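Structure assessment
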Amino acid sequence: MLGSGEVIGELRTSWDELLDHGDEPFELYFPSMCGLHPSLTLKVGVVHARDDQDGALFDSPVYCEIARDTDAGHTRFAEYTTSKTASHLDDAVKHFQLVLDQCPVGHPDRAAALTNLACARLEGYIQKDIHEVDTTTSLFREALALRPQPHPDHALSLYNLIQALNWHYRKEPAAVYIHESAQLCCKLLRLCPEGTYLRSIGLDSAVDYVIGKCIYLPIDTSDEGIQLRRNVLELCPVGQQRRPKVLDNLSWALRSRFTQRGNIDDLDESIQFRREAVSLCHEGHSGRDVYLNNLAISLELRFNHQGKLYDLDEAISLHEEALRLRPVGHKLRHISLGNLGGVLVTCFGRRGNIDDITRAINLYRNVLTLHSPGNPHRGTVLNNLALALKTKYDKLRIGEDLNEAIDLSRESLQLTPLDDPERHVNLFNLSSALCSRFMHTQRNEDIEVAINLCQESLAALPLLHPDRSVIYMRLQETYLSRYRILHDPADLFLAVENFRLASRHPTQGFPWRISEAIDWARQAELYQHESALEAYQMCFELFDSHVMTRSSIISRREAASAFRGAKSLPVDAASCAIRSGNLRQAVELVEQGRGQQWSLASRLRTPLEDLKSMSPQLAQRLSELGKHLSDTQSSAVSSDRAVADRAATEYRKVARQWETAVAEVRNLQGFLQFLRPPSFADLQAAARHGPVIILIASQYLCSAIIVPRSGEPHQVPFPRITLPDLENLKDAFSAAILHAARMRLEEPRKTLRVLLQIVWDEIMLPIVNVLQHTLQLRCQSRIWLCPTATFTFIPLHAANPFRMKADCSGPEACLEDIYICSYTPTLSALIRSRQMMKTRVAPSFAAIGQSQPGAGQGTLLPAVDSELELVHALVPSNVEFTVISGDKATQAAALNALQQNTWVHLACHGKQDREQPYNSRFAMRDKPLTLLDIMDNNSPHAEFAFLSACHTAVGDEETPDEAIHLAAGLQFSGFKSVIGTLWAVNDALAKHVVEAFYEKMFGNLKDGGVMDCTKAAWALNHAAASLKQKNVPLEQRIVFIHIGV
């Protein structure tokens, strides 16, 4: 054989001794080397003479010559390694070159010949002549190419090439060599576990060399640079001393790439790596302060991009811990002082706590004392202090703060070199301060300089730099400020254009862009600019994208409620469209802006029947991705921030796959509008069985839009009602209901009657007039109320004139005398419920009651069991009926009953959580049945639910247009028709409503009729009317409402 490794021993034996072993294999053992005991397994047999080509090769004179030259090369090379005589090395190289010349491409021993020659060159020549290393490296490369996995010498060839690359880097430190060496080390370590030969002869030291050199390479945000950092991390398993530093290096690279490209996954991954680095550096570790500081920086950056308050709070905590580890005199104390100051400025901007900004300014002044004139970092400190003072001025309007901020910004700018990559920050910060002073002094020079500074900073940044959006914001501020003073329409045009650019900038985070779009809409309304509708549409598009990035239902609500002024956007947008004379667009906008939580969740359960007929594979993929997204949500609510971060990253990965699949669907013929916001033509389907009345409560206009079965929508103005009037009415109703609960049954509810009269006269009567006279809607027809904002807290269905007719022949008709009223949270929800009615199964009824809920869930409800018995008696006997009560009425049992039955009656305590509506709940024996539980419970065949519990159909104050309550949750989970409550239900009186309702609902089924959930609104209407004769007080007669079909 052609040698290709170290000489480990000589074998001297005769043919007879070999043949004595027969056909059995045997071992030959050699002296110990490097702690290993080499051996060779042989099997000897008699081979007959052959005339094939391979046999000829081994018998040929050429092969004998190759063997002799190889042996001679090894001999001379061995002599060189002990004597270091150059002539011995020259002879070895000559012999090995002769061998290579006799092993052309395709020769079975070419790889060994290449290796022998390269090893000799590596040992001798390249240490003296840098030019030799290229030749040597190319020889090793070719040998490796000829020994792919699973060649027995593949690992050795990898090791040889690594050694050559490391030598090359020592002599010529170009990053390309160490990059490749790191990549090869990763491959080789996977093939060489601890204890293998290559690990013992120097592989570990080669790997250590690569790690050490890569650690100090400059940050490279290219894909190749990031991959290098990943390779180096692979070389540092848990327990390796340098792993924290390697983790931090990779984190910096990912964070830097995020600032350039805006991909949130890079920032999330950076945070994950930094969390690990901190976890590896326990108390007392010399580098813990550095890793704490760096993790805090990344968390603050993510807060600026996504607006998650827990990131901000954690960043403050980490900076404070790092500062404690850097006492007075520590060389890095100034960094922690400044970083903590910066995050406190951010916190003040969000929460407005004066203590935060005061502390931040004091910290920055402290840092400034540590950077005397001449310090290269003084300019940065000056700029940071100026920004803190300007932020304080924006809130408190203290002129001295603004003037000092301008002076400090100018000094900072003078100290900042023209080629400084962060110079643009100084420019737009000074611009903002000058703009603020212009509004105070109206000095034209200030605003001209402010505009020029912004334009200069824009010119310094690439098109996709995230900070461009900040500069666009500063520019719109300057142009808008000048417009307010000089009233030049050109300035308003330029302000709107920069609003547009800022809100559309692709690499800036959604929270920033949403805030800009909201401000755009507000300013366009204020100055009556035609771009207002465009701004509202931008808000909804960005909101939709933003909440889609949130990996849990709760975090989506937090995202939706985090922006000042956001909760009124849907009604304000609709109001804007109404004032523009476009009622169709008003309906589209109010639908797009309302119910985003339900809309996003329902996308993941989109019926795919039409798509299945066009593309079954794509429909299946979309269905699986939707389920994966829903499943991923649950793991993203962990209290462990590292676990939650990883889950959020996984969620976004699946979300991108979902978006890709949706894009593929939209490319199919006839599916262009798949999962897009519905058009008016689509939404009008909600009025197929009766008009839908959308009640809009906006600061600009309060009115209603009636969506008829066909034709154009109709506006109904409320000329005497403003938003403050509605807020007062809402508060008055709340107080009246609380007061009525403390009154005796026979006492008249005078205040409540007065309030319901106002609702009739000012709101519902104008609507009824249009329904009766314009749309010619017959008496006792069905109508659906779709209230928005403050209207959601007012019992519109109970509107009543409480007056006698002019001829004294009887009382005037109230709303429920004229029409059968139902509610719907959105038009889309009503349409979805009707679509799901296409498939029906045999009815089954479950009555769930809990009179003695678990600890802390509520008091005893003595009438529950009798209510369940009453329901059982009224349900047709041929319907499968299940009662779940007492100890059996647990959370799991109730959830199972909701999934397994088509009709459900729930009698128990209900609690609407106003702070976190997804925690709204029904009280069970062991633990509550929450709204989140219900939403996760997909019940496509469910039809009807009666919720005989308190507060099941009223939402929360923060996001009233989302209608996040228990009744809506049941509708979302699959129940097409739901009866819920607006306030507390009297346990003893509820049975009267229940009895009257089910008597009407099932009264005509004795002759074999079919249970029909679409009759629920009619049955509730008649039940409420019949209760007037049973001494049931007014607030208990009107507490129940119907939602759905």
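Now for a quick tour of the structure. Note that the structure is a prediction, hence the values are computed from the model and not measured. (Residues numbered from 1 in each chain as written. Predicted model: local features only at pLDDT ≥ 70, side-chain atom pairs only at ≥ 80, totals over all residues. Heavy atoms only, no water.)

1. Notes on the sheet that holds strand 12 (residues 921-922)
To keep it simple, the criterion reads: Strands were regarded as paired on the criterion that DSSP finds at least two bridges between them. Runs of E in the DSSP output that reach at least two residues are strands. Runs of H or I that reach at least four are helices, and both are numbered from the N terminus.
Spatially, 11-12-13 is the arrangement adopted by the three strands of the open sheet, whose pairing is antiparallel. Looking at the sheet topology across the chains shown, the edges are occupied by strand 11 (910-911) and strand 13 (929-930). Two elements, strand 12 and strand 13, share two bridges in a ladder whose sense is antiparallel. The partner of Phe922 across the bridge, within strand 13, is Leu929.

2. Quick notes on the pairing of strand 14 (residues 944-948)
Rules: Under the scheme applied here, a residue whose accessible area is under 20% of the maximum for its type counts as buried, over 50% as exposed, and between as partly exposed, the area being computed with a 1.4 Å probe on protein chains only.
Extensive coverage of strand 14 is indicated by the burial of five of its five residues. Here strand 14 shows two buried faces, one formed by Phe944, Phe946 and Ser948 and the other by Ala945 and Leu947. Both strand 14 and strand 15 (residues 977-981) contribute to a ladder of three bridges, which runs parallel. Paired with Ala945 across the bridge in strand 15 is Val978.

3. Quick notes on helix 18 (residues 399-415)
Going by this rule: Multiplying one less than the number of residues by 1.5 Å gives the expected span of a helix. Contact between two residues is taken to exist if any of their heavy atoms lie within 4.5 Å; hydrogens are not considered.
For helix 18, spanning 17 residues, the distance from its first C-alpha to its last is 25 Å, which sits close to the expected 24 Å at 1.5 Å a residue. Of the positions making up helix 18, those classed as buried are Asp401, Leu402, Ala405, Ile406, Leu408, Ser409, Ser412 and Leu413. Contacts from the buried residues of helix 18 go to helix 17 (378-396), helix 19 (423-441) and helix 20 (444-459).

4. Remarks on the side chain of Ser833
Going by this rule: Nitrogen and oxygen atoms within 3.5 Å of one another constitute a polar contact, given that in protein one can donate a hydrogen and the other can accept it, and given that sequence-neighbouring residues count only through two side-chain atoms.
Note that Ser833 resides in helix 36 (residues 827-836). Residue Ser833 is classed as buried on the basis of its relative accessible area of 3%. Of note is the side chain of Ser833, whose polar atom sits 3.4 Å from the side chain of Gln971. Among residues more than four places away in sequence, those in contact with Ser833 are Gln971, Lys976 and Val1045.

5. Let's talk about the packing of helix 41 (residues 987-1002) against helix 42 (residues 1016-1026)
Note the following rule: Axis lines are fitted through C-alpha atoms, for helices just across the contact stretch, and the angle between N-to-C directions can take any value from 0 to 180 degrees. Here roughly perpendicular refers to angles of 65 to 115 degrees, roughly parallel to angles under 35, roughly antiparallel to angles over 145, and oblique to all remaining angles. Handedness of each helix crossing follows the sense of rotation of the near helix against the far helix: counterclockwise by less than a right angle gives left-handed, clockwise gives right-handed. Gly is put with the polar residues, along with every residue not named as nonpolar or charged; the nonpolar set is Ala, Val, Leu, Ile, Met, Phe, Trp, Tyr, Cys and Pro, and the charged set is Asp, Glu, Lys and Arg.
Contact geometry for helix 41 and helix 42: axes closest at 8 Å, N-to-C directions at 130°. In terms of orientation, helix 41 lies oblique with respect to helix 42. Read as a crossing pair, helix 41 and helix 42 show a hand that is right-handed. Here Val993, Ala996, Phe997, Lys1000 and Met1001 of helix 41 lie close against helix 42, whose contacting residues are Ala1016, Trp1018, Ala1019, Leu1020, His1022, Ala1023 and Ser1026. Split by residue class, the contact of helix 41 with helix 42 holds nine nonpolar, two polar and one charged.

6. Structural notes on a nonpolar patch on the surface
Keep this limit in mind: Each patch groups residues whose relative accessible area exceeds 30% and which form no salt bridge, using 9 Å between like charges and 5 Å between nonpolar side chains of Val, Leu, Ile, Met, Phe, Trp and Tyr. Accessibility throughout is a Shrake-Rupley quantity obtained with a 1.4 Å probe, and a residue counts as covered only by protein chains that appear here. The term salt bridge refers to a side-chain nitrogen of Lys or Arg lying within 4 Å of a carboxyl oxygen of Asp or Glu.
On the surface, a cluster of nonpolar side chains totalling about 210 Å² of accessible area is made up of Ile354, Leu396 and Ile398. With respect to the helices and strands, Leu396 occurs in helix 17.

7. Quick notes on the pairing of strand 7 (residues 820-823)
A two-sided burial pattern is seen for strand 7, the buried positions comprising Ile820 and Ser822 on one face and Cys821 and Tyr823 on the other. The pairing of strand 6 (residues 782-787) with strand 7 spans four bridges and is parallel. Paired with Leu785 across the two strands is Tyr823, which belongs to strand 7.

8. Here's the deal with helix 8 (residues 175-191)
In a regular helix each residue adds 1.5 Å, so 17 residues correspond to 24 Å; helix 8 covers 25 Å between its end C-alpha atoms and thus fits that length. Restricting attention to buried positions, one finds in helix 8 the residues Tyr177, Ile178, Ser181, Ala182, Leu184, Cys185, Cys186 and Leu188. The elements touched by buried residues of helix 8 are helix 7 (154-171), helix 9 (197-215) and helix 10 (223-234).

9. A closer look at unusual backbone geometry
Cis peptide bonds are those with omega within 30 degrees of zero, and the linkage from Gln149 to Pro150 qualifies with 10°. Mapped onto the fold, Pro150 is located in the loop between helix 6 (132-145) and helix 7. The residue Arg397 is not glycine, and still its phi comes out positive at about 60°. Mapped onto the secondary structure, Arg397 falls in the loop between helix 17 and helix 18. Positive phi values are uncommon outside glycine, yet Gln776 reaches one of about 55°. Counting through the fold element by element, Gln776 comes out in the loop between helix 34 (750-774) and strand 6.

10. What to know about the packing of aromatic side chains
Applicable threshold: The criterion for an aromatic pair is that two Phe, Tyr or Trp rings (for Trp, the six-membered ring) have centres within 6.5 Å, with stacked assigned to planes under 30 degrees apart, edge-to-face to planes over 60 apart and tilted to the rest.
Following the criterion strictly, the structure yields 14 aromatic pairs and no others. An angle of 25° between the planes, with centres 6.4 Å apart, marks the rings of Phe77 and Tyr80 as stacked. With Phe77 and Tyr80 both in helix 3 (residues 61-83) and three residues apart, the pair spans about one turn of that helix. Each member of the pair, Phe77 as well as Tyr80, is classed as buried.

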